[in-house]
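Analysis of the macromolecular model
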Number of protein chains: 2
Amino acid sequence: MTIGLAHAELIAVLSAVTGDEPRVMTVRSGDALPSGPFELGHRSLQAGLREWVGDQTGHPLGYLEQLYTFADRDRTHEDAEGRTISISYLGLVREQAAPGAGKPGWHGWYEYFPWEDHRGGRPEILAAITGRLQDWVAAETARREHRRRRVDFAFGLDGAAWNEDLGLQRYELMYEAGLVAEAGCSPAKSFGRSMFADHRRILATGIARLRAKIKYRPVVFELMPESFTLSQLQRTVEALAGLTLHKPNFRRLIDQQELIEETGEATSETGGRPAKLFRYRHAVLEERALSGSKLPLSRN
Amino acid sequence: MTIGLAHAELIAVLSAVTGDEPRVMTVRSGDALPSGPFELGHRSLQAGLREWVGDQTGHPLGYLEQLYTFADRDRTHEDAEGRTISISYLGLVREQAAPGAGKPGWHGWYEYFPWEDHRGGRPEILAAITGRLQDWVAAETARREHRRRRVDFAFGLDGAAWNEDLGLQRYELMYEAGLVAEAGCSPAKSFGRSMFADHRRILATGIARLRAKIKYRPVVFELMPESFTLSQLQRTVEALAGLTLHKPNFRRLIDQQELIEETGEATSETGGRPAKLFRYRHAVLEERALSGSKLPLSRN
DNA sequence: GCCGGATATACTCACTTCGAGTATAAAAGG
DNA sequence: CCTTTTATACTCGAAGTGAGTATATCCGGC
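Attention in this report is confined to the structure presented alongside it. Note that the structure is predicted; figures quoted are calculated from it, not measured.

**Things to note about the overall build of chain A**
Scanning chain A from N- to C-terminus turns up 8 helices and 9 strands. The buried share among the 300 residues of chain A stands at 51%. Carbon together with sulfur atoms contributes 49% to the accessible area of chain A, which is approximately 14,100 Å² in total.

**Overview of the protein's contact with DNA strand D**
Neighbouring DNA strand D are 21 residues, the closest being A:Ser231, A:Arg251, A:Lys276, B:Asn249 and B:Arg252. Expressed as a percentage, the sugar and phosphate content of the atoms of DNA strand D within 4 Å of the protein is 56%. One of the backbone nitrogen or oxygen atoms of A:Lys276 is found 2.7 Å away from a phosphate oxygen of DNA strand D. Contributing elements (two or more residues each) for the surface near DNA strand D: helix H8 (247-257) and strand S9 (275-280) of chain A together with helix H8 (247-257) of chain B. For the surface near DNA strand D, the element with the highest residue contribution is H8(B), accounting for 4 residues. For the surface near DNA strand D, the residue count by class is 6 nonpolar, 8 polar and 7 charged.

**Things to note about the sheet that holds strand S7 (residues 227-228) of chain B**
The strands making up a sheet are joined through hydrogen bonds of the backbone, oriented either antiparallel or parallel. In space, the 3 strands of this open sheet follow the order S7-S9-S8 (chain B), with antiparallel pairing throughout. Since the sheet does not close on itself, it has two edges, and those belong to S7 and strand S8 (260-267) of chain B, each with one partner.

**Quick look at the protein's contact with DNA strand C**
With respect to spatial proximity, 21 residues lie near DNA strand C, and among them A:Asn249, A:Arg252, B:Ser231, B:Arg251 and B:Lys276 are the closest. In the model, a base nitrogen of DNA strand C is placed 2.8 Å from a nitrogen or oxygen of the A:Arg252 side chain. Separating a base oxygen of DNA strand C from a backbone N or O atom of B:Arg273 is a distance of 3.3 Å. Listing elements by their share of the surface near DNA strand C, those giving two or more residues are H8 of chain A together with H8 and strand S9 (275-280) of chain B. Broken down by element, the residue count for the surface near DNA strand C peaks at 4 residues, all from H8(A). Tallied by class, the residues present in the surface near DNA strand C amount to 6 nonpolar, 8 polar and 7 charged.

**Brief notes about the packing of helix H4 (residues 144-155) of chain A against helix H5 (residues 167-176) of chain A**
Packed helix pairs are characterised by how far apart their axes lie and by the angle those axes make with each other. All names here are of chain A. Closest axis-to-axis distance for the H4/H5 pair is 9 Å, and the angle between their directions is 140°. Judged by the angle between their axes, H4 and H5 are oblique. Handedness of the crossing formed by H4 with H5: left-handed. Of the residues in H5, those touching H4 at Arg150, Val151, Ala154 and Phe155 are Arg170, Leu173, Met174 and Glu176.

**Digging into the packing of aromatic side chains**
All names here are of chain A. Per the counting criterion, the structure on display carries 14 aromatic pairs over all chains. Relative to Trp115, the ring of Phe113 lies with its centre 5.7 Å away and its plane at 90°, an arrangement referred to as edge-to-face. Each member of the pair, Phe113 as well as Trp115, is classed as buried. Ring centres 6.0 Å apart and planes at 35° place the aromatic pair Phe221 and Phe228 in the tilted group. Assessed through its relative accessible area of 6%, Phe221 is described here as buried. An aromatic cluster is present here, built from Phe113, Trp115, Tyr171 and Tyr175 joined pairwise through their rings.

**Here's the deal with the sheet that holds S9(A)**
All names here are of chain A. The 3 strands are arranged S7-S9-S8 in an open sheet whose pairing can be described as antiparallel. Single-partner strands in this sheet number two, and they are strand S7 (227-228) and strand S8 (260-267). Bridge count for S7 against S9 is 2 bridges, and the pairing is antiparallel. Paired with Phe228 across the two strands is Phe278, which belongs to S9.

**Regarding helix H5 (residues 167-176) of chain B**
Every buried residue of H5(B) is listed here: B:Gly167, B:Leu168, B:Arg170, B:Tyr171, B:Leu173 and B:Met174. Turning to H5(B), the residues buried within the fold contact helix H3 (125-139), helix H4 (144-155) and helix H6 (199-213) of chain B.

**Description of the side chain of A:Ser88**
Residues and elements named next belong to chain A. Along the chain, Ser88 turns up in strand S5 (residues 83-92). Judged by its relative accessible area of 1%, Ser88 falls in the buried class. In terms of polar contacts, Ser88 uses its side chain to reach the backbone carbonyl oxygen of Tyr68, at 2.8 Å. For Ser88, the residues in contact, after removing those within four places along its chain, are Ile11, Gln66, Leu67, Tyr68, Phe70 and Ile202.

**A word on the pattern of salt bridges**
Overall, the coordinates contain 38 salt bridges over all chains when judged by the stated rule. With a shortest N-O distance of 2.6 Å, B:Asp165 and B:Lys215 are connected by a salt bridge. Within this pair, whereas B:Asp165 is found in the loop between H4 and H5, its partner B:Lys215 is found in the loop between H6 and S7, the two being separated by 50 residues in sequence. The structure contains a network of salt bridges with shared partners spanning A:Glu21, A:Asp117 and A:Arg119.

**Points about the pairing of strand S4 (residues 63-70) of chain B**
Residues and elements named next belong to chain B. Counting buried positions over the 8 residues of S4 gives 7, a clear majority of the element. When S4 meets strand S5 (residues 83-92), the two strands line up antiparallel, connected through 7 bridges. The residue bridging Glu65 from the neighbouring strand is Leu90, located in S5.

Conventions used here
Residues numbered from 1 in each chain as written. Chains lettered and ligands numbered in written order. Predicted model: local features only at pLDDT ≥ 70, side-chain atom pairs only at ≥ 80, totals over all residues. Heavy atoms only, no water. Helix = DSSP H or I, 4+ residues; strand = E, 2+ residues; numbered from the N terminus. Buried < 20%, exposed > 50% of the residue type's maximum accessible area, 1.4 Å probe, protein only. Areas by Shrake-Rupley, 256 points an atom, 1.4 Å probe, with all protein chains shown as cover. Near = heavy atom within 4 Å. Polar contact = N/O pair within 3.5 Å; in protein donor to acceptor, adjacent residues only side chain to side chain. Nonpolar A, V, L, I, M, F, W, Y, C, P; charged D, E, K, R; others polar. Pairing = 2+ DSSP bridges. Axes fitted to C-alpha atoms, helices over the stretch in contact; angles between N-to-C directions. Parallel < 35°, antiparallel > 145°, perpendicular 65-115°, else oblique. Left-handed = near helix turned anticlockwise from the far one by under 90°. Contact = heavy atoms within 4.5 Å. Phe/Tyr/Trp six-rings, centres within 6.5 Å; stacked < 30°, edge-to-face > 60°. Salt bridge = Lys/Arg side-chain N within 4 Å of Asp/Glu carboxyl O.

Set out below in structure tokens:
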């Protein structure tokens, strides 16, 4: 009995935010996520990836978290013998000063998912997408209502609000409905830039995870420079979430968490009243899971 | 170059709640979690595990979710050639009627983590644990404050409240401090029942994930019978969280989510006023992520 | 048949949080 | 000096949350 021998591969979703644009590190001029074999010498998966990223890119890797492990049959690689297991990670990189618009290897998230950026209102492309999805719903007979609910929920239709966390569900629905090139549809009828194999799905997984996480863990600061203004911080969160936020309330939220402190300096780069500079209070670091219970505790 | 050839193994944390006790399926009379090789024939990891569990146990598997993939060097198996990659899953099983107290294979969570059950107040064993942890903090010189903060936060000391979600962090701290048998300390000085290899850590991962998830996703219902009373539901949540909840507020929480509906029947099993029976509204199923934003949106 | 114990269910109230809007301050440029 | 632009500060009502109290309905004993 041949038991579970397989190739192990690491895939990284490395993200940074430059100015207002969330970006991901790619190879093959934007067609694939960086990946490599899991070498035997490494102490752990985490350590292996960290080391490997340090070598490949100049950037030091701040935050690193495991995303998901894929091993579907259709992912079999070159050789028939054995299957490939892909272990994906999400990493956050602090983009130092140099935005480098044309930096090779870094591509904007929303090239791949143009329907996910709602900062300028609901993107026009969504009308076309949901139109095609309606056809797909109508094409089903047996479980049509179930399908309709899934679409309405994921895309904020029929009274439901747009939920930025559902990027993965949206991509998977579009895949099922044959609206993306990876599903085999013609490039002319597909939406967003496609990627090699299932890399775009892995990217969607990473984006969704990060969007969910910034709400209850102070991970945004892994993307910020040493000192920053509140507006910069807000624009970074907005870039990740693909949404615009209410300024006064954002500021209230931030300072009641006591995650940052003033540096004492100010900057007048943006033309207008100079903004105070802040820094992250490293004292809180890993600890502190914001808020919490949500369960109605009793006093015992 | 030998690239990433490894053994692949699936490990399952299968949980159920019988009465007031959360349980996990084990093998080797409670010393290990069920696991098996990842066979090549399966369509995907998920499908492979689901099929395998169906064969091994009679129970159908309701909910299934990937937990984490481990591949640390110290996990190397029998043969030196190649490393073992363990992909762990969390599965929820609906315990049908028969509680079977002495059911072989099912053990209570709190045998392994006696300090995690706070339903009867703060467990006495915690005093001993935190005492030993204080020694461990004192033994550090360079980063003593960091260590102290980690301990205080994880165990709810020095003003911090007990947070049921931090079970994994607590176990890892105890491992670091050498308070569990798996870390090589003498059985006399260790806390809780130990398991084979890193299985107890995987169990802690599953418990922590489930405790966090019941707060924002209706997964509890995967553990409930077809119809149930509100008290039963509350006791199940309490068993998982290891906490007692405020009854009136729990009921308010439940019915404002509109996740359940009355069956029309009632039961008078518990002696007292008969309780109405409810059933889960399957209409909402996968959809609906409870609540959501937490980010201060603007009206655009 | 009535009463206390036990459990289920319903309602109230103060306090905090949250969405939304308005007002003031400090720079730059014509 | 006045307008534009961005930063910062304050207010208010609606909704949500923690905590406690009141009423309903069964069981068993007297």
